[in-house]
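As a plain string of letters, each chain reads:
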Protein chains: 2
Amino acid sequence: MTHSDALADLLRQRIIDGEFMPGSRLSESALSNQFEVSRNTLRETYRALAEQGLLTHVPHRGVSVSAPSMADVVDIYRCRRTVECTTMRGSRPEHPAVQRMADALHLAETHLAAEDWLGIGSANMAFHEGIVALSDSPRLMRMFRNVAAELRLVFLTLDDPHALHAPFVASNRRVLTVFTAEGPEAGALELERYLLNSERSVLGAYTRANRA
Amino acid sequence: MTHSDALADLLRQRIIDGEFMPGSRLSESALSNQFEVSRNTLRETYRALAEQGLLTHVPHRGVSVSAPSMADVVDIYRCRRTVECTTMRGSRPEHPAVQRMADALHLAETHLAAEDWLGIGSANMAFHEGIVALSDSPRLMRMFRNVAAELRLVFLTLDDPHALHAPFVASNRRVLTVFTAEGPEAGALELERYLLNSERSVLGAYTRANRA
DNA sequence: CACTTTGGATTGTTGAACAATACGGATCAG
DNA sequence: CTGATCCGTATTGTTCAACAATCCAAAGTG
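As the structure is a computational prediction, the values presented were derived from the model and not from experiment. (Residues numbered from 1 in each chain as written. Chains lettered and ligands numbered in written order. Predicted model: local features only at pLDDT ≥ 70, side-chain atom pairs only at ≥ 80, totals over all residues. Heavy atoms only, no water.)

**Description of the nonpolar core**
And step 1. Counting residues in each nonpolar core, the largest one holds 92 residues, and the members touching the most others are A:Met88, A:Phe127, A:Leu191, B:Met88, B:Phe127 and B:Leu191.
And step 2. Here A:Leu191 is in contact with A:Glu84, A:Cys85, A:Met88, A:His128, A:Ile131 and A:Val175, once residues within four sequence places are set aside. (Core = buried A, V, L, I, M, F, W, Y, C linked by side-chain atoms within 4.5 Å. Buried < 20%, exposed > 50% of the residue type's maximum accessible area, 1.4 Å probe, protein only. Contact = heavy atoms within 4.5 Å.)

Written as structure tokens, this is what we have:
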């Protein structure tokens, strides 16, 4: 793996972990010093992450961490419904990825008991990544990972993200139960309900955070 | 627009037009001379196009035009069905993008009469881009454009791509007719049938081309 | 107050240089 | 002849320094 690729992974993780808040500009000289790479290498990394939607590039004004608008949130959830629901509707409960879903869900429930809010968020995302993995489609997985990363940016700007993650662990459990017990069609409907609810919650929290 | 962005558009077009065939390596020194940019600028362009899937980057071996495998073709069509069918199923025939579809279709029929095979391919793609435009989703549009570009790479390697485009103009017409006359659900089913047929044809031609 | 100017800071791009790696061919043992 | 090893060359990965182009904010101007 090349230096620039590794930096992309690292920077991506740092951003998702909240070290660089959405909207903040990423100075080329500052970060090239911080990560001890040249400006050119850093700029290659920027190009890749910008193409993924995590960074926003404005010519002659540099890159900044994307700060999704409400319209973006709506669009992200539209993508999620399109990809996740369609995938589940076309999958069988015998698919190996179901195990990934179950594992992630179990982890989420453990974190819920321990009140590890950050862990819940990650486990929740792993659960939905498991759903998309049902498709066996590298491209759909990539698409999902990109919008999921953007969505995490949104959570970074909200006041109490745990209030948004915690109640939905039970919903995810229901999605999995219905999917395995009643089949893909019923599971997909349950999943769609989940996503619509989640979208509503996030939009509400978004409005609240930007009004304060 | 920055120099590197413009080069990305240009190179993308050149590739789609078949100037650089799938699988061919793109030497940094050669292309930086040809396009009269520095290696560093060219490498930024490479990063962007690689992230879009049009170029394939292998560390220390440079970038080459992606040469989609049969598995890739299957995956591309899976993405198309997911995005296109779901979009149409959730749209109304009154949407302004329907006009784009109609225009593209008319253009395709004109090119068909004139036996302009290249034009048919482009118009066909514009028609399906119109379908995705029904979603009003920038991200779904971007996803589609990426997989559509990859699919064009596949056509470049086939022997007589016109045989693959021409018969499907009528199918597209039927999709539009059914969508406007019978509604989204019926249109989506017709569209799915189209995509499955198209996939089958492409896979067949792919096998034929790689056996010869 | 609105408008222009100007200077500093940041980005965009270049060219050269060197390090790191991959590839192909030469060499050599068996 | 076969296979393995070694080496030289070409290409990519990365750095650095420099300059051009652009933006921004602060200063001045009417």
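**Structural notes on the UniProt feature "domain: HTH gntR-type" (unreviewed entry) in chain A**
And step 1. Under the UniProt annotation, the feature "domain: HTH gntR-type" (unreviewed entry) is placed at residues 1–68 of chain A.
And step 2. The distance from the first to the last C-alpha atom of residues 1–68 of chain A is 30 Å, and the span holds 51% helix and 15% strand. (UniProt positions renumbered as here; feature names shortened; annotations may be inferred. Helix = DSSP H or I, 4+ residues; strand = E, 2+ residues; numbered from the N terminus.)

**Topic: the relation of the copies chain A and chain B**
And step 1. With an RMSD of 0.0 Å, the operation that places chain A on chain B is a rotation of 180° combined with a shift of 0.0 Å along the axis. The symmetry that links the two subunits is that of a two-fold axis.
And step 2. In this assembly the copies share their binding face: 100% of the residues contributing to the interface of chain A also contribute to that of chain B. (Least-squares fit on C-alpha atoms with pLDDT ≥ 70 in both.)

**Some remarks on the domain arrangement of chain A**
Residues and elements named next belong to chain A.
And step 1. Looking at chain A, the domain boundaries give domain 1 (3–65) and domain 2 (70–211).
And step 2. Counting residues at the interface gives 10 residues for domain 1, matched by eight residues for domain 2.
And step 3. At the surface where domain 1 touches domain 2, the tally comes to zero salt bridges.
And step 4. The interface formed by domain 1 and domain 2 includes zero residue pairs in polar contact (both at pLDDT 80 or more).
And step 5. The element that contributes the greatest number of residues to the side of domain 1 that touches domain 2 is helix H1 (residues 3–16), accounting for three residues.
And step 6. Class assignment of the residues belonging to the side of domain 1 that touches domain 2 gives a composition of six nonpolar, three polar and one charged. (Domains from an automatic or database assignment. Salt bridge = Lys/Arg side-chain N within 4 Å of Asp/Glu carboxyl O. Polar contact = N/O pair within 3.5 Å; in protein donor to acceptor, adjacent residues only side chain to side chain. Nonpolar A, V, L, I, M, F, W, Y, C, P; charged D, E, K, R; others polar.)

**What to know about the sheet that holds strand E2 (residues 55–58) of chain A**
Residue and element names in this part refer to chain A.
And step 1. The sheet built from three strands is open, its strands ordered E1-E3-E2 with antiparallel pairing. Every other strand in the sheet has two partners, leaving strand E1 (25–26) and E2 as the edge strands with one partner each.
And step 2. Here E2 pairs with strand E3 (residues 62–65) via four bridges, running antiparallel. Paired with threonine 56 across the bridge in E3 is serine 64. (Pairing = 2+ DSSP bridges.)

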